[in-house]
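Reading the structure
Each chain, written out:
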Amino acid sequence: MARAISLSLRQALRAATTILQQSDMFRSGLARTASFARNLAVPNNCKCIAGVRFMSKHSTESDVEFDARYESFFNRKDIDGWECRKAMNDLSGMDLVPEPRIVVAALNACRRLNDIALAIRFLETVKDKCGNKKEIYPYILQEIRPTLDQLGLSTPEELGYDKPELALKSVYEM
């Protein structure tokens, strides 16, 4: 009996669907009616299990493990330019300022790749990540200065990249 009712409901829904599909106005009502009819057709003793999704991924990685992971990634001998850029992009997308030892490892990776432009761009990114905290960037420069001298790299400020050549004077400074 219940099966016959569910079959007739299905046939009625199919017929209503074919008739009303041409009209955009009735689609919303049809969808609600179909959902209601489907709920009537399913027996009450049917056990339905809904899927569960866990939306947040909580990292169990500590700060020391995070630093060690990126440091070891940049210290790999077989790192290529794409991987180096990808890791730097991932770091710049995170809500953190990389530790000086990660910056040193990244600069050494840039030297192994013979890519000075990438090294300077990474230093610019680190400065940008420091934001308004004026004491963080000088500390990082102080910590990475031996590596900069060893590799023969200049900071963006030493190269004059912090003041554009053709920049117009601000109207607020006139």
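Relevant structure appears above.
First things first, this report covers the structure right here in the doc. (Residues numbered from 1 in each chain as written. Predicted model: local features only at pLDDT ≥ 70, side-chain atom pairs only at ≥ 80, totals over all residues. Heavy atoms only, no water.)

1. Re the packing of aromatic side chains
How two aromatic rings sit relative to each other is set out by the distance from centre to centre and by the angle between their planes. Within this structure, the stated rule accounts for 3 aromatic pairs. Considering the side-chain rings of Phe66 and Tyr70, the 4.9 Å spacing of their centres and the 55° angle between planes classify their relative orientation as tilted. Highlighted residues: Phe66 and Tyr70, both in helix H3 (residues 63–74), separated by 4 residues, approximately one helical turn. For the pair Phe66 and Tyr70, one class covers both residues: buried. Considering the side-chain rings of Phe73 and Phe74, the 6.0 Å spacing of their centres and the 75° angle between planes classify their relative orientation as edge-to-face. Judged by relative accessible area, which is 24%, Phe73 ranks as partly exposed. One aromatic cluster is present, built from ring pairs that chain together Phe66, Tyr70, Phe73 and Phe74. (Phe/Tyr/Trp six-rings, centres within 6.5 Å; stacked < 30°, edge-to-face > 60°. Helix = DSSP H or I, 4+ residues; strand = E, 2+ residues; numbered from the N terminus. Buried < 20%, exposed > 50% of the residue type's maximum accessible area, 1.4 Å probe, protein only.)

2. Examining the packing of H3 against helix H4 (residues 81–93)
Across the interface, H3 lies against H4 with an axial gap of 10 Å and an inter-helix angle of 155°. As far as their axial angle goes, H4 and H3 are roughly antiparallel. As for the relative orientation of H3 and H4, their crossing is left-handed in sense. Counted together, Phe66, Tyr70, Phe73 and Phe74 of H3 and Glu83, Cys84, Ala87, Met88, Asp90 and Leu91 of H4 form the full contact between these two elements. A class-by-class count of the residues in the contact of H3 with H4 yields 8 nonpolar, no polar and 2 charged. (Axes fitted to C-alpha atoms, helices over the stretch in contact; angles between N-to-C directions. Parallel < 35°, antiparallel > 145°, perpendicular 65-115°, else oblique. Left-handed = near helix turned anticlockwise from the far one by under 90°. Contact = heavy atoms within 4.5 Å. Nonpolar A, V, L, I, M, F, W, Y, C, P; charged D, E, K, R; others polar.)

3. Considering unusual backbone geometry
You will see that Asn114, though not glycine, has its phi angle at about 60°, which is positive. With respect to the helices, strands and loops of the structure, Asn114 is situated in the loop between helix H5 (100–113) and helix H6 (116–130).

4. Notes on H4
Three- or four-residue spacings in an α-helix give side chains the same orientation, since the helix completes a turn every 3.6 residues. Given a rise of 1.5 Å per residue, 13 residues ought to cover 18 Å, and the 18 Å separating the end C-alpha atoms of H4 matches this to within 8%. Residues of H4 that are buried include every one of Cys84, Ala87, Met88 and Leu91, and no others. Relative to the axis of H4, the buried residues are bounded by an arc of 100° and lie together on one face. Looking at H4, the residues exposed on the side facing more than 90 degrees away from the buried face are Trp82 and Gly93. Of the surrounding secondary structure, the elements contacted by the buried residues of H4 are H3, H5 and H6. (Expected span 1.5 Å × (residues − 1). Arc of directions from axis to C-beta.)

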